[in-house]
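# An overview of the molecular structure
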Amino acid sequence: MQAMKNFLKMYKWYELVFMLVSFIALITLGIIFRGDNIYLLVFELISTICGLVAAMTNFKRKKYAFIFYSVYVTIYGIISFFNKQYGEGVINLAFNLPLYLYTLYKLYFKIKDNNSEFQINSLNLKGWIIIIVFIPVVTVGYGFLLKYLNSSLPFENALATSLALIAAFLASKTIKEQWLFFLFYSIVLTYIWTSNYISGGTSGFTYLVLNIIYIIFNLYGFILWYKLAKKPKEIKE
């Protein structure tokens, strides 16, 4: 009970209202627009709820956010394969999951810091240059590979993969620009899962709803972290 009170105290009233509405929308719309496989729906709901909790606790800079991220990407990666979204499946199981597990190890064991919150860092010029080169190279190269593997929406999946790689890496480094790339990633995934649902995919409607919610979450997360990152500088001055 005390843990729940401490959890709720982290948030402003409008943040709690938005999160509650998001949970209700996910569960309700997931049930209404469920596919033929009820078991997939259950796992989708578990993973999307974990995904929301991960985002909620990440923008509050809580270490345990990466526990929820790990559960989310595991289930999401498996379900992506069911829907022939091979790019999403590979990136989440082969890259995001190991990265988030390593981040948990680093935050809880490698770094000797008992603080439950982590520091916010910023992306430097070298990082921006690498990203500008990285996105088109991965999108084109990986897109052709996914097309060869008969993946659904190969180049869209490849673009999502490049954005996910960057966002997850920046998240592991607690860099505030992660929220921008999570935002772009959510926009691309909204298109992918909309196309999947329209074309009669076996599941995935809850991921469409989740990514629409994520667009708002990620934009808010970037604004919040940008303000928090400026505070230490203002204090020093």
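Residues numbered from 1 in each chain as written. Predicted model: local features only at pLDDT ≥ 70, side-chain atom pairs only at ≥ 80, totals over all residues. Heavy atoms only, no water.

### Points about the overall build of the protein
Threshold: What counts as a helix is a DSSP run of H or I of at least four residues, what counts as a strand is a run of E of at least two, and both are numbered from the N terminus. Remark: exposure states derive from per-residue accessible area (1.4 Å probe, protein chains only) relative to the maximum for the residue type, with buried under 20%, exposed over 50%, and partly exposed in between. The contact criterion used throughout is that any non-hydrogen atoms of two residues lie within 4.5 Å. Where accessible areas are quoted, they stem from the Shrake-Rupley method and a 1.4 Å probe; at the residue level, only the protein chains shown are allowed to cover.
Across its full length, the protein carries nine helices and zero strands. Secondary structure elements in the protein, listed N-terminal to C-terminal, are α-α-α-α-α-α-α-α-α. Taken over 237 residues, the protein has a buried fraction of 49%. Sequence separation of at least 24 residues holds for 74% of the intrachain contacts in the protein that already meet a minimum separation of 6. Surface exposure of the protein reaches about 12400 Å², of which carbon and sulfur atoms provide 72%.

### Section: the nonpolar core
How we decide: Buried Ala, Val, Leu, Ile, Met, Phe, Trp, Tyr and Cys residues that are joined via side-chain atoms within 4.5 Å together make up what is termed a nonpolar core.
One finds Y72, F181, Y185, Y207 and F217 to be the most contacted residues of the largest nonpolar core, which totals 59 residues. Elements with a minimum of two residues in this core: α2 (13-32), α3 (38-58), α4 (65-82), α5 (86-110), α6 (125-148), α7 (154-172), α8 (178-198) and α9 (205-236). With twelve residues, the top contributor of residues to this core is α9. Not counting residues within four places of it along the chain, the set of residues in contact with Y72 comprises S47, T48, C50, G51, Y207, L210 and Y214.

### Some words on the side chain of S22
In this structure, S22 sits in helix α2. The contacts of S22, once residues within four sequence positions are left out, are L52, I213 and F217.

### What about the pattern of salt bridges?
Applicable threshold: The working definition used for a salt bridge is a side-chain nitrogen of Lys or Arg within 4 Å of a carboxyl oxygen of Asp or Glu.
Within this structure, the stated rule accounts for two salt bridges. Two residues, K60 and E15, come together in a salt bridge whose shortest N-O distance is 3.3 Å. Here E15 lies in helix α2 and K60 lies in the loop between α3 and α4, a separation of 45 residues in the sequence. The class of E15 is buried, set by a relative accessible area of 5%. Taking the shortest distance from any N to any O, the salt bridge between E177 and K176 comes out at 3.4 Å. In this structure, E177 and K176 share a single accessibility class: buried.

### Quick look at a nonpolar patch on the surface
For clarity, the cut-off: Like-charged residues within 9 Å of one another, or nonpolar side chains (Val, Leu, Ile, Met, Phe, Trp, Tyr) within 5 Å, are grouped into patches, provided each residue has over 30% relative accessible area and no salt bridge.
A contiguous nonpolar patch, built from I38, Y39, V42, F43, I46 and V71 and spanning about 570 Å² of accessible area, is present on the exposed surface. With five residues, α3 is the largest single contributor of residues to the nonpolar patch.

### A closer look at α7
Residues spaced three or four apart along an α-helix face the same direction, because each turn holds 3.6 residues. Which entries qualify depends on this criterion: In a helix, the anticipated span is given by 1.5 Å times the number of residues less one.
The terminal C-alpha atoms of α7 lie 27 Å apart, and with 19 residues this matches the ideal 27 Å at 1.5 Å per residue to within 8%. With respect to burial, α7 is a largely interior element, 15 of its 19 residues being buried. Of the residues flanking the end of α7, it is T174, one or two places downstream, whose phi is positive at about 50°.

### Regarding the packing of α7 against α8
Test applied: Axis definition: a line fit to C-alpha positions, over the contact stretch in the case of helices; interaxial angles, taken between N-to-C directions, run 0 to 180 degrees. With respect to orientation, any angle under 35 degrees is reported as roughly parallel, any angle over 145 as roughly antiparallel, any angle of 65 to 115 as roughly perpendicular, and every other angle as oblique. Crossings are sorted by hand: turned counterclockwise from the far helix by less than a right angle, the near helix makes the crossing left-handed, and turned clockwise it makes it right-handed.
At a minimum axis distance of 8 Å, the contact between α7 and α8 shows a crossing angle of 155°. Taken together, α7 and α8 sit at an angle that is classed as roughly antiparallel. As α7 packs across α8, the resulting crossing turns out to be left-handed. Contacts between α7 and α8 involve E156, N157, L159, A160, L163, A164, I166, A167, A168, L170 and A171 from the first element and Q178, F181, F182, F184, Y185, V188, L189, Y191 and I192 from the second.

### Quick look at the side chain of T206
Note that T206 resides in helix α9. T206 has contacts with L26, G30, L41, E44, L45 and T48, leaving out every residue within four places of it along the chain.

### Quick look at the packing of aromatic side chains
Aromatic ring pairs: the centre-centre distance and the angle between the two ring planes describe each pair. Stated formally: What counts as a ring pair is set by centres within 6.5 Å for rings of Phe, Tyr and Trp (its six-membered ring), and what kind of pair is set by the plane angle: stacked under 30 degrees, edge-to-face over 60, tilted for all other angles. Geometrically, a charge over a ring is one whose NZ (Lys) or CZ (Arg) sits within 6 Å of the ring centre while staying within 35 degrees of the ring normal.
Counted under the stated rule, the structure contains 23 aromatic pairs. Centre to centre, the rings of F59 and Y220 are 5.5 Å apart; their planes meet at 80°, and the pair counts as edge-to-face. Here F59 is found in the loop between α3 and α4, whereas its partner Y220 is found in helix α9, with 161 residues between them in sequence. Given the relative accessible area of 2%, F59 is considered buried. Through a chain of ring-to-ring contacts, three or more aromatic side chains come together here, namely F66, Y69, Y100, W179, F182 and W225. A cation sits over an aromatic face here: K63 above Y108, 5.6 Å from the ring centre.

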